[in-house]
Structure formats: C-alpha cells, structure tokens
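Per-entry structural report
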There are 2 protein chains.
Amino acid sequence: MTQANGYAATAADAPLAPFHFERRALREHDVAIDILYCGVCHSDLHTARGDWAGTIYPSLPGHEIVGRVSEVHPSVTRYKAGDIVAVGCMVDSCRECRECTAGFEQHCLNGATFTYNSPDRQTGDITLGGYSDHIVVREEFVLRVPDSLDPAAAAPLLCAGITTWSPLSRFKIGPGMKVGVAGLGGLGHMGVKFAAAMGAEVVMITTSPEKGEDARRLGAHDVLISTDKAAMAEARSSFDFILNTIPVGHDLHPYLGLLRREGVMIIVGAVEPLPPVHGGALIMGDKMVGGSLIGGIPATQEMLDFCGEKGVVADIEIIPIQQINEAWERMQKSDVKYRFVIDMASLREERAAA
Amino acid sequence: MTQANGYAATAADAPLAPFHFERRALREHDVAIDILYCGVCHSDLHTARGDWAGTIYPSLPGHEIVGRVSEVHPSVTRYKAGDIVAVGCMVDSCRECRECTAGFEQHCLNGATFTYNSPDRQTGDITLGGYSDHIVVREEFVLRVPDSLDPAAAAPLLCAGITTWSPLSRFKIGPGMKVGVAGLGGLGHMGVKFAAAMGAEVVMITTSPEKGEDARRLGAHDVLISTDKAAMAEARSSFDFILNTIPVGHDLHPYLGLLRREGVMIIVGAVEPLPPVHGGALIMGDKMVGGSLIGGIPATQEMLDFCGEKGVVADIEIIPIQQINEAWERMQKSDVKYRFVIDMASLREERAAA
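Residues numbered from 1 in each chain as written. Chains lettered and ligands numbered in written order. Predicted model: local features only at pLDDT ≥ 70, side-chain atom pairs only at ≥ 80, totals over all residues.

**Things to note about the overall build of chain A**
How we decide: Under the scheme used here, helices are H or I runs from DSSP no shorter than 4 residues and strands are E runs no shorter than 2 residues, and both carry numbers assigned from the N terminus. With the radius of gyration taken over C-alpha atoms, the globule rule is written as 2.2 Å times the number of residues to the power 0.38. Residue burial here comes from a neighbour count, namely the number of other C-beta atoms, placed from the backbone, that lie within 10 Å of the residue's own C-beta, with 20 or more meaning buried, 12 or fewer meaning exposed, and in between meaning partly exposed. Residue pairs qualify as contacts under a 7 Å threshold applied to their C-beta atoms, which are placed from the backbone.
Across its full length, chain A carries 12 helices and 19 strands. Taken over C-alpha atoms, the radius of gyration comes to 20 Å for chain A, in line with the 20 Å a tight globule of 354 residues would show. Going through the 354 residues of chain A one by one, you find that 52% of them count as buried. Sequence separation of at least 24 residues holds for 67% of the intrachain contacts in chain A that already meet a minimum separation of 6.

Next comes the structure, spelled out in structure tokens:
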C-alpha cells in the first residue's frame, strides 16, 4: 500500500482500492503527466464493475484528466515540463485511417486506444486511467488547458464537456435557435452551459420540477416539465434541437413531438436499446434522431479554448481519492452537482503518510 | 352507372366501383382539370380499405394526377385551358403558417387539405381524389408538367417521385456520395433513378437477388444483398446516405451499420412502429435516422422541372380503371414494375358506352 500510485478494482465485485503499477518508460512522442485532478464519469463505474462486456482486471478508470507535464521524450514538440494539460477518453488511435486524418479519432476505423481498459498499440498492455497520480500519453492526444480555467473544474470537460459540445458544435447551435436539454446530470449540466454560451435559447426538459431553479442558474432560459401534458402540448413543434442526455432507454415520442420541421434530437447518454419509435413520428415533420460519441482531438481542443474564452467549466464537488467508492454510490443516486472530481494530492499525501 | 365520373369504395370491405359526384362550381383561384392519368399508390388502398383510422366513405382515392386544364376561374393567373398540369397529395393548406409560407405545405401547422379523405377548408366536404375524370384544385396546388415528359409516366412523380426526391434533395445528394436505396418498389425505383440522375454512386440494397438486374437497369451501380453477411460486413461504414423505402417496420441495425460517420438514413415507407434501436448503433459513428413526408409545392415543381431536364419518369404499367381492384391485389403482392397508372380514357369510354 505504501507504493500505491492509483486506485483500481481487481474484480467486478471489488471496491476500488490502492494499487501500484510501473510507469511506462517514455517512448517517442510521449508526455509524462503528474495528474492534479480527475473527474468521475459513469463509464468509470460501469467499466470497473464489469457492467459492460470486456473489462480486464485490474481496472483503473478515469478519463477526465488535468495535470502538469513532468517530463517529455526529446521527440516531443508540442509540450514541455510545467505545462497544464489534459487527457480525455483516448490516448492513441491508428492516426492513418480516414477518420483519424479527419480528426475524428474516436471513430478510428482500426479502433481508438481508450484511456483505460484498452490494449496499448505497441505492447498490448491494458491502459490504466486517471485515478492515479500520473499518466504517460503521446503528445497528439494531450490537450492544452487555457490558463484562465480552474484545473479542477476543467477536468469534466474532457468527457462530459466534449460529449455535449460535439453535437452542439456539429449542428451549429447559436443565436436564434431554441435548444432543449433533456436530463440534468453531469452531461446535461454541461449541455445547458454550452448551449447558453453559444447564444441559443435554452430550455431544460426534465421530469423533476425541483431541478428547475438549478437549471436556470446554469443558464437555462426556461424549464419544461416533461410530465406536464399541457406544457408539452404547448411546446409542440417549437425546438430546433434537443440534446438528449438521459442515460437509460426511454420513450422518444414526447421529445420528437417537441421538434420543429427538420428538427434533430441527438442522444449522448442512452447506450441501451431504445423502445420502438413509430416511423410516423419521424416522417411527420421530417425529423431526425441521432447519436454522438465524445469528440475528436481537434474538437476537444476547440472546446477547451471556447471554455477558456467564455469561462465555462463544470460544477464540481472535489473529493479525496479515498472517498471514491462512496462517491460512486452517490453518483448512482444522482446525488452530485454535477460531477465529482478527485483531487490527486490526496493520493500523494496517502503515500507520504504511509 | 351511366353517370359515373369516378371509382370509389362505399365501405371498408367494398371493392372500388363506378361512382358519380357533382363537380364543384369554380371558386376564386380554382382550376378545373380533365384527368388524363392517375397513378396507383399504396396509400390509396390503405385509405379506401380503412387500414388507417379516419376513412370517410364514399372514399375516392388517387393523388398522382396528370391532366389538362379544362377551365379556370377568372381570378386564376398561373394556368389556362389546355395546359398539361399535375396534382399531388395536397389540394390546399392554410397558406399562412410558418410552414406554408416556407413552402412546406405538407407540414402545415393547421393541417394540409389532402387530395382525398380530407375536409375542404371552405365547405367541409370530404375531398375526392384522382380515380376520376376530373378534379378542381386551387391554382397554388397545381403543378406544371414539362412538355418533354410522357404524361402517363409522369403521374407517379406526384407521390412516389416527390417522396423520394425530397430527402435526396434536402441532403444534397450528388457526385462523390455513395447512396443506398433499401426496398425496390414504387418509391425505391424512383429513389434509384433520382440518386443516379443526381450523380451519386447508387447501391440497391435488397433481400432479393433477383431484383439486382432490374435495379441496374434503373440506374443502380451496384447491388447489395442485405442477407449476405459477408457482403454487408464488407460494405460497413461506407454509405453517406440511405433512402429507406421499406414499407413495413423492420430491424434498422443492418442499415445503420452501413453508414459512414455522420451518415443519415431517411425512412419514407414505414409508417409503422420500428423495432427497438440500440442507442449505441447511433452513438458509434454519430449516425442519424430520420423521416420525410412527401414534399412541399415548391419542391414538387422543382422535382418536375428536374425530371423534364433529365428525362426521369416512373416505370409504369397502364391499366383501364375497370381493372383497379385486380391492380390493388397485384400491388399488394409487389407484382408491378413499378407503378400502375390508370388511363382515364377508360372511364370516359365506359360512360360513352353506357
């Protein structure tokens, strides 16, 4: 335990516990990063607990990473020791296919290397994520964090941020557009902030009236209670775009009814079967439902720069890494506004005290 | 029977039979049309047989109409007697809402007046369609048929044509794009012709290998058999756009797998519940599924003009109106290449002989 440099699960039913691993020697283009903060994402929990197929143990999650460059390989040109940088969901990809060369590494045709639970392209070793005090990543997958951003509150931008930014940016959300955000959690709260910062009229769509006040504080101009039939009927055919962050399968019809002609709803949360949709709900009004997966490296840097300019960060609750298991329990009950972020100083202190 | 000027169903279980009705007196902006040809659409059958809710009897269907102007109200400015014109699925709308003023009358917020089984906006009388030797329609809903087009083969353009043209045009299908057309019936055969005429690489996607030759004759550059797992795997992530004309609910996953990043599949046939789609099938690859309903009047005229320029018409089988019930039986078995068109001279002859 004295040597612990991360927290990992050793089996599907094991809590996260102190864990030691060797830092990899720097390879060409490698950047070594002392992790300062790491956001806590639902994917971390699902992966470590084996909810999705393919978890390899020990599983050390975390893909919302902000840190300081400690060392770089001599071949590195983009970063130097001391830089405040970030790492998101990916640490490598083939860098050659049409998706990678277009800057959509998350859709790499040969499979991106994800930040955890993914085989390293050179050694086959399984990647270990950000619930650690350090990480080594090749420079093309390292992002620059604007000086103006609080590094702790910037951490969730690397997954919750880019996941919501990406579709809003793709559909050119801006002034004159009415945008709904369905679901107010880690993703939803970033969606509200981004859509408002982009200049759209933002409406929080939620089943929970008590979330209204908070949604307005985050930037929503209005709140629509999805169980209020009269309000839903009045809002019919009025939305240009809906960002759907609801994390489970759910009936899409009420949301489709809110869209204008050629309106688009993008799903970023529900990696699950969606109940049947009637073809007529798409045909009437020429509507569309789509999905969106995180974002490529160029889009992620663009998002961070936008955040630096507009002062957008996540609303966070900082925890020491020793509280990660409790944080996961609370996250499952949506008892967090809106993202836990681990202060990695807690891990260094644990080691020093041992 | 001697007075029959149309064929109508008098009940859900009744065959179409000769029927007489009074032509309405010309109102402001009205154009009286002697119908020359009327295409036979699946919607005609579904409506007349009461498969969908709301059929009012007697039901006289037909919304793929080409005819000659016989008379116009003095207020009419766009047409004169003798003009070859067309009427599609709509004969009126509110003409004031944001959809109508934008030229999307099919999505009129106050409800378009459809060519049959729809209440007239002034009298409330139920509209009667094109299985008749005449129709009266206000000039804004009358289309001009280019001289170069065979009027019989042009008739199906008014529904099968515009329904497939509309999404292909909206997504700017053209050279350099790979377009799939799923389903080879009345709509699918127009989809293949249009996508090819627009300059795209067109692939017919079908369960029926025997349709391949015909698809190529219609303009498809390749044929993909959707039950051939190896071929489907090889075609994965290669389509920019899929026009889905399959008329019944079906599993969308095989088609979604064919789409490239940000690829779009538009459903025009299945006005039915679609089986559950996994959120991941949309999220992985940032894909979209949408729908499209016929097209507005400006788009319909644009489509007809395009057809005049490119020489695009439907492949048809001409029938006398006396064979309409047999034609419906054959249509239900997909035994038509690819659209029945009624030659309305048969109705005039029937009356003259009586």
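**Some thoughts on the confidence of the model for chain A**
For clarity, the cut-off: The predictor attaches a confidence to each residue, called pLDDT, with possible values from 0 through 100.
For chain A, the average pLDDT comes to 96, and 99% of its residues sit at 70 or higher. Interface predicted TM-score (ipTM) for the complex: 0.95; the corresponding pTM is 0.95.

**Description of the relation of the copies chain B and chain A**
Two copies of a chain can be linked by a rotation about an axis combined with a shift along that same axis. Rules: Copy-to-copy superposition: least squares on the C-alpha atoms, limited to residues that have pLDDT of at least 70 in both copies.
Rotating chain B by 180° about the axis while translating it 0.0 Å along that axis superimposes it on chain A, leaving an RMSD of 0.0 Å. Overall, the copies show the geometry of a two-fold rotation axis. No C-alpha of chain B approaches the rotation axis more nearly than that of Pro-276 of chain B, which lies at 2.2 Å. When the interface residues of chain B are mapped onto chain A, 100% of them are again interface residues, pointing to one common binding face.

**Remarks on the interface of chain B and chain A**
Put simply, the test is: Polarity classes work like this: nonpolar for Ala, Val, Leu, Ile, Met, Phe, Trp, Tyr, Cys and Pro, charged for Asp, Glu, Lys and Arg, and polar for all others, with Gly in that last group. At least two DSSP bridges between two strands are required for those strands to pair.
Listed per partner, the contact involves 31 residues of chain B and 31 residues of chain A. Each residue belonging to the side of chain B that touches chain A can be placed in one class, and the counts come to 17 nonpolar, 9 polar and 5 charged. Here strand E17 (residues 288-291) of chain A runs beside strand E17 (residues 288-291) of chain B; their pairing, made up of 3 bridges, is antiparallel. Residue pairing across strands places Gly-290 of chain A opposite Met-288 of chain B, the latter belonging to E17 of chain B.

**Considerations on the packing of helix H4 (residues 160-170) of chain B against helix H5 (residues 186-197) of chain B**
Residue and element names in this part refer to chain B. Note the threshold: Between N-to-C directions, angles span 0 to 180 degrees; the directions come from axes that are lines fitted to C-alpha atoms, helices contributing only their stretch in contact. Note on angle classes: values under 35 degrees are labelled roughly parallel, values over 145 roughly antiparallel, values of 65 to 115 roughly perpendicular, and the remainder oblique. Crossing chirality is assigned from the near helix's rotation relative to the far helix, an anticlockwise turn below a right angle marking it left-handed and a clockwise turn marking it right-handed.
Relative orientation of the contacting elements H4 and H5 amounts to 50°, with a least axis distance of 8 Å. The pairing of H4 with H5 is recorded here as oblique in orientation. In this structure, H4 meets H5 at a crossing whose hand is right-handed. On H5, the residues that touch Ala-160, Gly-161, Thr-163, Thr-164, Trp-165 and Leu-168 of H4 are Gly-186, Leu-187, Met-190, Gly-191, Phe-194 and Ala-195. For the contact of H4 with H5, the class distribution of residues is 7 nonpolar, 5 polar and no charged.

**Examining the sheet that holds strand E10 (residues 178-182) of chain A**
Ordered by their spatial adjacency, 12 strands build an open sheet running E12(A)-E11(A)-E10(A)-E13(A)-E14(A)-E17(A)-E17(B)-E14(B)-E13(B)-E10(B)-E11(B)-E12(B), and the pairing between neighbours is mixed. In this open sheet, the two edge strands, each paired with only one partner strand, are strand E12 (222-225) of chain A together with strand E12 (222-225) of chain B. If you compare each strand with its neighbour and ignore which way they point, the axes differ by 20° on average. Where strand E10 (residues 178-182) of chain B lies against strand E11 (residues 201-206) of chain B, 5 bridges are found, and the strand directions are parallel. Bridging from a neighbouring strand, Val-181 of chain B pairs with Met-204 of chain B of E11 of chain B. Where helix H5 (residues 186-197) of chain A meets the sheet, its contacts fall on E10, strand E11 (201-206) and strand E13 (239-244) of chain A, and the angle it forms with E10 of chain A comes to roughly 170°.

**So, unusual backbone geometry**
Residues and elements named next belong to chain A. Each neighbour pair has its own omega, and for Tyr-57 with Pro-58 the value is -5°, a cis peptide bond. A cis amide bond links Lys-337 with the next residue in sequence, Tyr-338, at an omega value of -15°. The phi dihedral of Asn-117 is positive, around 60°, even though this residue is not glycine. When you line up the elements, Asn-117 lands in the loop between strand E7 (113-114) and strand E8 (134-138). We classify Asn-117 as buried; it has 22 C-beta atoms within 10 Å. Of note, Ser-237 is a non-glycine position whose phi angle comes to about 55°, a positive value. By the secondary structure assignment, Ser-237 is in the loop between helix H7 (229-234) and E13.

**Details of the pairing of strand E18 (residues 316-320) of chain B**
Residues and elements named next belong to chain B. The line we're drawing: Orient the strands so they point away from the viewer, and a crossover whose first-strand-to-second-strand path over the helix runs clockwise is right-handed.
Bridge count between E18 and strand E19 (residues 339-343): 5 bridges; the pairing is parallel. Residue pairing across strands places Ile-316 opposite Arg-339, the latter belonging to E19. For the segment spanning E18, helix H11 (residues 324-332) and E19, crossover handedness is right-handed.

**Examining the domain arrangement of chain A**
Residues and elements named next belong to chain A. Condition: Boundary definitions for the domains trace back to an automatic or database domain assignment.
What the domain assignment reports for chain A is domain 1 (6-159 + 295-353) and domain 2 (161-291). Summarising the inter-unit geometry, the C-alpha centres of domain 1 and domain 2 are found 28 Å apart. The leading source of residues in the side of domain 1 that touches domain 2 is helix H10 (residues 297-310), at 4 residues. Tallied by class, residues from the side of domain 1 that touches domain 2 come to 9 nonpolar, 5 polar and 3 charged.

**A closer look at the nonpolar core**
For clarity, the threshold we go by: A set of buried Ala, Val, Leu, Ile, Met, Phe, Trp, Tyr and Cys residues, joined through C-beta atoms within 7 Å, is what we mean by a nonpolar core.
Formed by 236 residues in total, the largest nonpolar core has its most connected members in Ala-195 of chain A together with Ala-195 of chain B. Setting aside its immediate chain neighbours within four residues, Ala-195 of chain A contacts Leu-168, Ile-173, Val-179, Val-181, Ala-200 and Val-202 of chain A.

**Some details on the environment of Glu-262 of chain A**
All names here are of chain A. With respect to the secondary-structure elements, Glu-262 resides in strand E14 (residues 259-267). Overall, the presence of 15 C-beta atoms within 10 Å leaves Glu-262 in the partly exposed class. Sequence separation of Glu-262 and His-29 is 233 residues, and the distance between their C-alpha atoms is 45 Å.

**Examining the environment of Trp-328 of chain B**
Residues and elements named next belong to chain B. As for its placement among the helices and strands, Trp-328 is situated in helix H11. You can call Trp-328 partly exposed: it has 18 C-beta atoms within 10 Å. Considered as a pair, Trp-328 and Leu-45 are 283 residues apart in the sequence and their alpha carbons are 6.9 Å apart.

**What to know about the environment of Val-277 of chain A**
Relative to the helices and strands, Val-277 of chain A resides in strand E16 (residues 277-278). Given 23 C-beta atoms within a 10 Å radius, Val-277 of chain A is considered buried. The spacing of Val-277 of chain A and Ile-33 of chain A is 244 residues in sequence and 46 Å in space, taken between C-alpha atoms. In contact with Val-277 of chain A, not counting residues within four places along its chain, are Leu-252 and Leu-282 of chain A together with Leu-274 of chain B.

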